[in-house]
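Structural overview for review
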Amino acid sequence: MRLVSTFSDGMIPLLLGLTLLGYVLGSIPFGLLLTRYYGAGDLRSIGSGNIGATNVLRTGRRGLAAATLALDALKGAVAVLVALAVAPLFAARAEAFAAVAVVVGHCFPIWLKFRGGKGVATGLGAVLALSPITGLLCCVIWLAVARLSRISSAGALAAFVAMPWMLAPLRGEGFGSPVALAGFVIALLVLARHHANIRRLLAGQESRIGGR
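Figured I'd write up the structure that's included with this text. Note that the coordinates shown come from a computational prediction; the quantities given were computed from them, not determined experimentally.

**Overview of the overall build of the protein chain**
The number of helices and strands found in the protein chain is 10 helices and 0 strands. With the principal axes as the frame, the protein chain shows a C-alpha extent of 65 × 35 × 25 Å. Per-residue burial for the protein chain yields a buried fraction of 44% across its 212 residues. Taking contacts inside the protein chain between residues at least 6 apart in sequence as the whole, the part at least 24 apart equals 59%. Approximately 10900 Å² of the protein chain is accessible, and the part contributed by carbon and sulfur atoms is 69%. Each charge class in the protein chain can be summarised by its mean position, and for the 19 positive and 6 negative side chains these summaries are 13 Å apart.

**Some thoughts on the packing of aromatic side chains**
The description of an aromatic ring pair rests on the distance of the ring centres and on the angle between the ring planes. Enumeration according to the criterion identifies 4 aromatic pairs in this entry. Look at Tyr-37 and Tyr-38: their rings are 5.0 Å apart centre to centre, the planes differ by 80 degrees, and that puts the pair in the edge-to-face class. What makes Tyr-37 exposed here is its relative accessible area of 67%. Classification of Tyr-38 as partly exposed rests on a relative accessible area of 45%. Seen in terms of ring centroids, Trp-165 and Phe-184 are 5.0 Å apart; in terms of plane orientation they differ by 85 degrees. Their pairing is edge-to-face. Residue Trp-165 is found in helix 8 (residues 152–171), and its partner Phe-184 is found in helix 9 (residues 178–193); the two are separated by 19 residues along the sequence. Among the residues examined, Phe-184 registers a relative accessible area of 23% and is labelled partly exposed.

**What to know about the packing of helix 4 (residues 62–86) against helix 5 (residues 91–107)**
Put simply, helix 4 and helix 5 touch, their axes get as near as 8 Å, and they point 155 degrees apart. Viewed along their axes, helix 4 and helix 5 adopt a mutual orientation that is roughly antiparallel. For the pair helix 4 and helix 5, the sense of crossing is right-handed. Where helix 4 approaches helix 5, its residues Asp-72, Lys-75, Gly-76, Ala-79, Val-80, Ala-83 and Leu-84 are matched on the opposing element by Ala-91, Ala-94, Glu-95, Ala-98, Ala-99, Val-102 and His-106. Looking at the contact of helix 4 with helix 5, its residues break down into 9 nonpolar, 2 polar and 3 charged.

About the cut-offs
Residues numbered from 1 in each chain as written. Predicted model: local features only at pLDDT ≥ 70, side-chain atom pairs only at ≥ 80, totals over all residues. Heavy atoms only, no water. Helix = DSSP H or I, 4+ residues; strand = E, 2+ residues; numbered from the N terminus. Buried < 20%, exposed > 50% of the residue type's maximum accessible area, 1.4 Å probe, protein only. Contact = heavy atoms within 4.5 Å. Areas by Shrake-Rupley, 256 points an atom, 1.4 Å probe, with all protein chains shown as cover. Lys, Arg positive; Asp, Glu negative; His and termini not counted. Charge placed at Lys NZ, Arg CZ, Asp CG, Glu CD. Phe/Tyr/Trp six-rings, centres within 6.5 Å; stacked < 30°, edge-to-face > 60°. Axes fitted to C-alpha atoms, helices over the stretch in contact; angles between N-to-C directions. Parallel < 35°, antiparallel > 145°, perpendicular 65-115°, else oblique. Left-handed = near helix turned anticlockwise from the far one by under 90°. Nonpolar A, V, L, I, M, F, W, Y, C, P; charged D, E, K, R; others polar.

Right under this line is the structure:
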């Protein structure tokens, strides 16, 4: 009983700490920092005003867009991997909390008055750390749908609609597991952040890759 009590007492503050760390990592606005450093202007006044890689691409700096995509994905993966390393005794809960927190941090960074990105790259990085196979399948879905439709947002939305249904089975877990629930929360958050894109898709007005 004493061992169980100690474990339970220590789990809550550690989970809170990992959640905070995940949020802080997620809230680092790499797109904004890179475009400012390399003289591409204030990303928030360009295109959609979003801080993600898609909007960085609108500056015409493909290298910066690729770097933003990689770094946003990396912070998602790092948050989950740190949680796994720090809390191996309750890894599933730690991973789940960190994965959700890092995506929330990216979407709602406190430093930018909670106006952040849409969570696609960061969410994908977190999923790759949670389940590499699921993450790779999401990448395939994203690229395939985007290529067929020539609409980037359609590919991202398709990937995150499919993601939570693949995550639990490919980890050998049930849909009630902490990581499975985290997958659904992340998917819902990404979909919610794309509400304007979804409206344009339904109206047939979403911009196409290579279009004006």
